[in-house]
Amino acid sequence: MKNLYLVFFLIFIGYSGYSQYQIDFDSFTTGDVSNQSTYLELWPDPTASPTDPQVTTTYSFSTPHSMNVRELSGGVEDDILFNLGNKDSGIWVVKWMMYVPTGKVGYWNIQENASINPIVQHNNEIFVGSTASGGTANVITYTESSTTSTYTVSYPSDSWFEVITTIDFSTTEISIEIDGNSLITNHTYPGLQLGAIDFYSVDLNTSFFIDDFKLYEGCYIPGNLTLDNTTDVSADFSWNVVSTETGGYNYLVMQPGDDPDMDTPIDSGTTLAGASTL
């Protein structure tokens, strides 16, 4: 089942699927994070000595908690996997809020397989700022081991910003948005699976915070959405059916300017599979 957002009179369509899981850390206790969710795992390499990122109240997007990945020093080597279930078909979206203090850096990568020892099987690396292992000051840098090409986009320090990663396995493409701006768009995904997100203490200057982590299934946007026969109390919608759609759509009819995640819809419901009118 997919969600279809129909914004009344604006004829706007967006999409989002049911959440597989989400972690806002707010019900967690402060301290080590990995033992507080079955979706979290310390880096499992038996030759390493990873430490736990900390649940903290220092900064938070949704109060009162977030997760802090700390600097690599004094026995601290924070390294945590968010298991994504080795997805290999459909469209999948991973999003979180991130906060990087001025002068600090951050790092994450996408793991190919969350079910095996993950030594050197990341599909890419993303550096926030200039780290000891890569990246450039004041930007987020996307790299892959199979190519020397890099992609960058700016980000705000001392402010929460959203990271959205979308992988479409039907086209084997990945897109990443940082604070509403494109880091990469419809770029060839260098892997076969979506295994895990790995947040890591990349160097002595590391300190960043993660909040409101979410994994959900996306869907293909129906085409040619039209609005007809509008009255004060009704309207007719129609669209072109997407061939890969199964199970119908959940729909929300919204007022112009309303947020489907926050505001009350004018109407809502579920279409039958293959339906093209409402």
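Please refer to the structure placed before this passage.
Since the model is a prediction, treat every value here as computed from it, not as a measurement.

A.B. asks: Tell me about the environment of I167, and name the residues and values.
C.D. replies: Relative to the elements of secondary structure, I167 occurs in strand β14 (residues 161-168). Measuring from C-alpha to C-alpha, the distance between I167 and I91 comes to 5.7 Å, with 76 residues separating the pair along the chain. Contact partners of I167, with chain neighbours within four places excluded, come to G90, I91, W92, E173, I174, Y189 and L194.

A.B. asks: Got a sec to walk through the sheet that holds strand β5 (residues 40-42)? Specific residues and values, please.
C.D. replies: One open sheet accounts for 7 strands, arranged β5-β8-β17-β10-β11-β12-β13; its pairing is antiparallel. Looking along the sheet, the strands with just one partner apiece sit at the ends: β5 and β13 (147-154). When strand polarity is set aside, the average angle formed by the axes of neighbouring strands in this sheet is 25 degrees. Strand direction decides the pairing type here: strand β10 (residues 106-111) and strand β17 (residues 194-200), joined by 4 bridges, are antiparallel. Within β17, the residue paired with N109 across the bridge is D198.

A.B. asks: Please give an account of the pattern of salt bridges that cites residues and values.
C.D. replies: When their charged atoms lie close together, side chains carrying opposite charge are able to pair. Here the structure, examined in full by the defined rule, presents 2 salt bridges. Residue R70 is joined to D78 by a salt bridge in which the shortest nitrogen-to-oxygen separation is 2.8 Å. Judged by relative accessible area, D78 falls into the buried class, the value being 0%. Residue E162 is joined to K95 by a salt bridge in which the shortest nitrogen-to-oxygen separation is 3.2 Å. One end of the pair, E162, is in strand β14; the other, K95, is in strand β9 (residues 91-99), and 67 residues separate them in sequence.

A.B. asks: Now, about the packing of aromatic side chains: what can you tell me, with residues and values included?
C.D. replies: By convention here, two paired aromatic rings are described through the distance between centres and the angle between planes. Under the counting rule described, the total for this entry stands at 21 aromatic pairs. Ring plane angle 90 degrees and centroid distance 5.7 Å describe the contact between F25 and F28, whose orientation is recorded as edge-to-face. F28 shares its class with F25; the two are buried. A centroid spacing of 4.1 Å and a plane angle of 25 degrees characterise the contact between Y59 and Y99, whose relative ring orientation is stacked. Taken together, the residues span a long stretch of sequence, with Y59 in the loop between β6 (54-56) and β7 (66-69) and Y99 in strand β9 at a distance of 40 residues. Here Y59 falls in the partly exposed class, since its relative accessible area comes to 28%. Among the aromatic side chains, those forming a connected cluster through ring pairs are Y21, F25, F28, Y39, F82, W96, W108, F199, F208 and F213. Taking the ring centre of W92 as reference, the NZ or CZ of K87 above it sits at 4.5 Å.

A.B. asks: Please provide a residue-by-residue account of the nonpolar core, values included.
C.D. replies: In this structure, F82, W108 and F199 are the most contacted members of the largest nonpolar core, which totals 42 residues. Excluding anything up to four places from it in sequence, W108 contacts W96, M98, E125, I126, V128, I140, V163, I178, I197, D198 and F199. If you look at the next biggest cluster of nonpolar residues, it comprises 7 residues, including L225, L227, F237 and W239.

A.B. asks: I'd like to hear about the environment of F209, residue by residue, with values.
C.D. replies: For F209, the location among the structural elements is in strand β18 (residues 208-217). For F209, a relative accessible area of 4% corresponds to the buried category. The spatial distance from the C-alpha of F209 to the C-alpha of F61 is 9.5 Å, given a sequence separation of 148 residues. Beyond its immediate sequence surroundings of up to four residues, F209 is in contact with T56, T58, Y59, S66, M67, N68, M97, M98, Y99, P101 and W160.

Scoring rules and cut-offs
- Residues numbered from 1 in each chain as written.
- Predicted model: local features only at pLDDT ≥ 70, side-chain atom pairs only at ≥ 80, totals over all residues.
- Heavy atoms only, no water.
- Helix = DSSP H or I, 4+ residues; strand = E, 2+ residues; numbered from the N terminus.
- Contact = heavy atoms within 4.5 Å.
- Pairing = 2+ DSSP bridges.
- Axes fitted to C-alpha atoms, helices over the stretch in contact; angles between N-to-C directions.
- Salt bridge = Lys/Arg side-chain N within 4 Å of Asp/Glu carboxyl O.
- Buried < 20%, exposed > 50% of the residue type's maximum accessible area, 1.4 Å probe, protein only.
- Phe/Tyr/Trp six-rings, centres within 6.5 Å; stacked < 30°, edge-to-face > 60°.
- Lys NZ or Arg CZ within 6 Å of the ring centre and 35° of its normal.
- Core = buried A, V, L, I, M, F, W, Y, C linked by side-chain atoms within 4.5 Å.

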